[in-house]
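For reference, the chains in residue letters:
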Amino acid sequence: MSLKVGRRGGVPPFIVMDVMKAAAEREAAGNGVLHMEVGQPSTGAPAGVVAAAKWALDRDVLGYTLALGIEPLRRRIARHYRDRYDVAVDEARIAVTTGSSGAFLLSFLAAFDAGDKVAILRPGYPCYRNILGALGIEAVDVPVGPNTRFQPTPELLDRAGGAKLDGLLVASPANPTGSMLTQAELAAIVGYCRERGIRYISDEIYHGITFGAPAATALAYGEDAIVINSFSKYFSMTGWRLGWTVLPESLVRPFERLAQNLFISPPSLAQHAAVVAFDCTEELEANVRRYARNRELLLAELPKAGFDRLAPADGAFYLYADVSRISNDSERLCREMLQATGVAATPGLDFDPADGRAFVRFSFSGATDDMAEAARRLNAWLG
Ligand SMILES: Cc1ncc(COP(=O)(O)O)c(C=O)c1O
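This one's a predicted model, so the numbers in the text were calculated from it and none came from an experiment.

(A) Focus on the overall build of the protein chain. The helix and strand inventory of the protein chain stands at 12 helices and 12 strands. At 21 Å, the protein chain has a C-alpha radius of gyration in line with the 21 Å of a compact globule built from 383 residues. Projected onto its principal axes, the C-alpha positions of the protein chain cover 60 × 55 × 55 Å. Scored against the burial criterion, the 383 residues of the protein chain give a buried share of 54%. Long-range contacts, defined here as pairs at least 24 residues apart, represent 74% of the contacts in the protein chain between residues at least 6 apart. Just so you have it, the protein chain exposes about 16,500 Å², and 52% of that area is on carbon and sulfur atoms.

Now the structure itself:
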C-alpha cells in the first residue's frame with residue numbers, strides 16, 4: 001500500500017536550481033561553464049566578516065540565540081536605516097531570519113491566513129508564488145511589462161482586484177528585471193495599499209546594488225509595511241543564510257512565536273559575523289562597481305547576439321531579455337546555449353509561468369572576464 005505524500009510538496013521546482021544542476025553535470029564531465037544562471041555574487045563575504053566569524057568560532061559557544069536574533073545585530077541593522085535612509089527604526093521591530101527566504105515564510109504566516117489573496121508581479125521571483133502556494137495563500141498575478149518598466153501602477157492593482165487583495169509584494173530593484181520604483185511611485189503604491197487595507201511587503205534584497213538613483217525603502221512611507229532584506233546580495237554572504245525583516249509593531253510578537261517554533265533561532269555564527277558587514281563598505285562598493293562594469297559590457301555586447309530587447313536593469317545584477325525573435329521556447333534555447341557555448345542562463349518560465357517562454361535571464365554577478373567571454377561566445381553562436 002502506498003503511503004500518502006502531502007500536496008504541498010507538489011510546489012513547482014525553483015527552475016534555476018535545475019539549470020545549476022545541468023551546469024554542474026557539464027562541469028563534472030570536464031567541460032567549462034560560464035555561470036550566468038544564478039543570482040549570487042562570485043565574491044565571498046568581506047574580509048571583516050570572515051575575521052569576525054573566526055573570532056566567534058574560537059570564543060563563543062555558538063548556541064541558539066533569541067528567536068529574533070542577537071541584540072548587537074538588531075541594533076546595527078536599526079543604525080543602518082538611520083545611516084543609509086535617514087529613517088528611524090526601533091530595533092524591537094527588527095527580526096533576524098534565516099535568509100530573506102525565512103523572512104518570507106514567517107511574514108506570510110504571521111500576516112495572512114490560508115485562502116487570503118496576495119498580489120505578486122509577473123515576472124517576479126518564483127519563490128514568492130511557490131511559498132504562498134505551499135501555505136495555501138492565493139498568489140494573484142499582476143502582469144507587468146516594459147510599458148510600466150515592469151513595476152505595478154494603481155491601475156494594474158485595480159485590475160488585479162484592488163481592495164479585495166490582502167497583500168501586495170513588490171521588489172525594487174526587482175528580480176528578474178532589475179527595474180525599480182522611483183520614490184514617488186513607491187510612495188503612491190504604499191499609499192494605495194494603506195487606503196485599501198492591503199498589507200504591503202517590500203522585498204529590498206537588492207538595495208545597495210543600483211546603477212543610478214539609490215533605492216528608497218518602504219519604511220520611509222509608514223510603519224505598516226513589512227520590509228524584508230538579506231545579507232545574500234549586496235553583502236555577498238549567500239551561503240551564510242542570514243536576512244532580516246522590519247515588522248509593524250502588531251506583527252512582532254506573532255512573528256516571534258512562529259520563529260521560535262519553526263526555526264528556534266537564525267544561524268548563530270552568521271549573526272555574530274554579520275554585525276561588522278555594514279562597516280565593510282570599501283569591499284562591498286568595489287563589488288557594486290564590478291556589477292556596473294559587467295552591466296555596461298553586456299548592454300553593449302548582448303544586442304549584437306540578438307538579445308536587444310532588455311528590461312531596464314536599474315539595479316540588482318540581471319538582464320531580462322525578450323528572446324521571442326530568436327526562439328519561442330526559452331527552456332530549449334537555454335539548454336542549447338549551454339551545450340553549444342557553455343554559457344548557463346535561466347529560462348523566463350521560472351519567473352513568469354504565462355509568458356516566460358519568450359524570455360531569458362542573464363545574471364551578471366560573476367567576474368568581468370567571464371562576462372566578456374560569455375558575450376564573445378554568444379556572439380559567435382548567434383551573432
Ligand atoms: C528577489 C529575491 N528575494 C529573495 C531571495 C532569497 O534570498 P535569500 O534567502 O538568500 O536571502 C532572492 C534570491 O535570489 C531574490 O532574488
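(B) Representation of the packing of helix α4 (residues 99-111) against helix α5 (residues 126-134). For the pair α4 and α5, interaxial distance at closest approach is 10 Å and the crossing angle is 40°. Here α4 lies oblique to α5, going by the angle between them. Judged by the twist between their axes, the crossing of α4 over α5 is right-handed. Contacts between α4 and α5 involve S101, F104, L105 and F108 from the first element and Y128, I131 and L132 from the second. Split into classes, the residues belonging to the contact of α4 with α5 amount to six nonpolar, one polar and no charged.

(C) Examining the sheet that holds strand β11 (residues 346-347) more closely. Spatial ordering of the open sheet is given by β9-β12-β11, a layout of three strands whose pairing is antiparallel. Each end of this open sheet is capped by a strand with a single partner; those strands are β9 (318-322) and β11. Pairing analysis gives five bridges linking β9 to strand β12 (residues 359-363), with the strands arranged antiparallel. Within β12, the residue paired with A321 across the bridge is V360.

(D) Quick look at the pattern of salt bridges. As enumerated under the stated definition, the model contains 22 salt bridges in all. Put simply, R79 and D83 hold a salt bridge, and the shortest N to O gap is 3.3 Å. With R79 and D83 both in helix α3 (residues 71-85), this residue pair falls four residues apart, about one helical turn. Overall, the relative accessible area of 36% leaves R79 in the partly exposed class. Between R253 and E256 there is a salt bridge whose closest N-O contact spans 3.0 Å. Of this pair, R253 and E256 are both found in helix α8 (residues 249-262), three residues apart, which corresponds to roughly one turn of the helix. By relative accessible area, which is 21% here, E256 ends up partly exposed.

Rules and cut-offs
Residues numbered from 1 in each chain as written. Predicted model: local features only at pLDDT ≥ 70, side-chain atom pairs only at ≥ 80, totals over all residues. Heavy atoms only, no water. Helix = DSSP H or I, 4+ residues; strand = E, 2+ residues; numbered from the N terminus. Rg over C-alpha atoms; globule rule 2.2 N^0.38 Å. Buried < 20%, exposed > 50% of the residue type's maximum accessible area, 1.4 Å probe, protein only. Contact = heavy atoms within 4.5 Å. Areas by Shrake-Rupley, 256 points an atom, 1.4 Å probe, with all protein chains shown as cover. Axes fitted to C-alpha atoms, helices over the stretch in contact; angles between N-to-C directions. Parallel < 35°, antiparallel > 145°, perpendicular 65-115°, else oblique. Left-handed = near helix turned anticlockwise from the far one by under 90°. Nonpolar A, V, L, I, M, F, W, Y, C, P; charged D, E, K, R; others polar. Pairing = 2+ DSSP bridges. Salt bridge = Lys/Arg side-chain N within 4 Å of Asp/Glu carboxyl O.

Purely geometric numbers; function is a separate question.
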